[in-house]
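Chain by chain, the residues:
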Amino acid sequence: MLEVKNLYSGYDGKDILKDINFKVKNGENLCIVGPNGCGKSTLLKSIANLLEHRGSVIIDGKEVSSMDKKSFARKVGLMSQITQIYFPYTIYDTVSLGRYAYSKGALSKLSKEDDKIILESIEKVGLLDIKDKMITELSGGQIQRVFLARVFAQDPDIILLDEPTNHLDLKNQIDLLENLKEWISVNNKIVVGVLHDLNLVQYFADNVLMLKDGEIVAYGDPQEVLNDPILDDLYGIDIKGFMTEILRKWDTPIDNKKRIVK
Ligand SMILES: Nc1ncnc2c1ncn2[C@@H]1O[C@H](COP(=O)(O)OP(=O)(O)OP(=O)(O)O)[C@@H](O)[C@H]1O
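The protein chain is annotated in an unreviewed UniProt entry as ABC transporter ATP-binding protein from Intestinibacter bartlettii.

A.B. asks: Honestly, the pairing of strand β4 (residues 53–59) in this entry has me stumped. Any pointers?
C.D. replies: The side chains of a regular strand alternate between both faces of the sheet. Across six bridges, strand β1 (residues 2–11) lies against β4 in antiparallel orientation. Among the inter-strand pairings, Ser 9 is bridged to a residue of β4, identified as His 53. Linking β4 back to strand β5 (residues 62–63) in an antiparallel pair, the connection comprises two residues, with Asp 60 at a positive phi of about 45°.

A.B. asks: Please explain helix α1 (residues 40–47) as it appears in this structure.
C.D. replies: Every α-helical turn comprises 3.6 residues, leaving residues that sit three or four positions apart pointing alike. Across the eight residues that make up α1, a large majority, six, are buried. For α1, the full list of buried residues reads Lys 40, Thr 42, Leu 43, Leu 44, Ser 46 and Ile 47. Immediately downstream of α1, the backbone of Asn 49 shows phi near 65°, a positive value.

A.B. asks: What is the right way to look at the nonpolar core in this model?
C.D. replies: As a rule of thumb, nonpolar side chains are buried together in soluble globular proteins. In this structure, Ile 91, Val 95, Ile 159, Leu 180, Val 191 and Val 201 are the most contacted members of the largest nonpolar core, which totals 44 residues. Excluding anything up to four places from it in sequence, Ile 91 contacts Ile 122, Leu 127, Ile 130, Lys 131, Lys 133, Ile 135, Leu 138 and Val 146.

A.B. asks: For this particular structure, what's the right way to read the sheet that holds strand β2 (residues 14–24)?
C.D. replies: Pairing between the strands of a sheet comes from backbone hydrogen bonds, and it takes one of two forms, parallel or antiparallel. With antiparallel pairing, the four strands of this open sheet are ordered in space as β2-β1-β4-β5. Each of the sheet's edge strands pairs with one partner strand only, and the pair in question is β2 and β5. Lying over the sheet, α1 contacts β1, β2 and β4, oriented at roughly 115° with respect to β1.

A.B. asks: Looking at this structure, I do not really get unusual backbone geometry. What am I missing?
C.D. replies: Trans peptide bonds make up most of the peptide bonds, and negative phi angles are found at most residues other than glycine. At Asp 155, a residue that is not glycine, the phi angle is positive and equals roughly 50°. Residue placement: Asp 155 occurs in the loop between α5 (140–154) and β7 (158–162). Residues other than glycine seldom take positive phi values, yet Asn 188 does so here, at roughly 55°. Position of Asn 188 among the secondary structure elements: in the loop between α6 (170–187) and β8 (190–194).

The rules we used
Residues numbered from 1 in each chain as written. Predicted model: local features only at pLDDT ≥ 70, side-chain atom pairs only at ≥ 80, totals over all residues. Heavy atoms only, no water. Pairing = 2+ DSSP bridges. Helix = DSSP H or I, 4+ residues; strand = E, 2+ residues; numbered from the N terminus. Buried < 20%, exposed > 50% of the residue type's maximum accessible area, 1.4 Å probe, protein only. Core = buried A, V, L, I, M, F, W, Y, C linked by side-chain atoms within 4.5 Å. Contact = heavy atoms within 4.5 Å. Axes fitted to C-alpha atoms, helices over the stretch in contact; angles between N-to-C directions.

Structure representation (structure tokens):
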């Protein structure tokens, strides 16, 4: 169980998040939504213990700031927004970094068990046939999947995701979310993710937490939260109207004369 109680955190002594409270049970995911700059990544960083906070972030009864690095890494894996890759590692090597939480020392070798978990994690994201390729030679979507495999290899109880789908085409977005759903239900784990695409949130979320200016403005079942009139206020557009209009376009009968087929 992840519990966030009366959480305040921010940068340079200024609070961005104010009095955040929620719980996520094992076997469930939570999607964090809200407009740019409302504090979504700051919330993930606070849970990931990368930012000092006031209040509590408690995992299975223990405050995260009191955990040592390795115990924390066994509990929480963070996959943040991937912008640029500087290091020339293979896919296998990159995913093997996920086993740090279980290593005995800085120079300890990977065990047979580690190797098995690394290969399984690479297979899960569909990259096993290119496991020895340098990650500097991969597409954005492939890199995204390598980093997901690294988090799987870390085998934490909670995965935190910051915009995990932003380099992926639609099929890969759905595959990734399905992959995570399966990981959650098979292993009774937790995912907390920031997703911008509200359609994907409708599809994936067990619960939704909506932020505005660092405060929670709605929380709960996705169908209810995403139908709350507050949504339009928050984003400054008629979201349901926009989505429905798009659906109408998908429904338009095709005019074969206008098609260009090679
Ligand atoms: N390292 C930092 N130092 C100072 N201020 C920061 C830092 N990172 C973020 N902020 C500020 O904190 C606020 C919340 O930023 P955050 O990145 O959490 O928003 P977000 O909801 O994730 O935004 P986006 O949807 O654009 O990714 C913003 O006003 C931002 O300028």
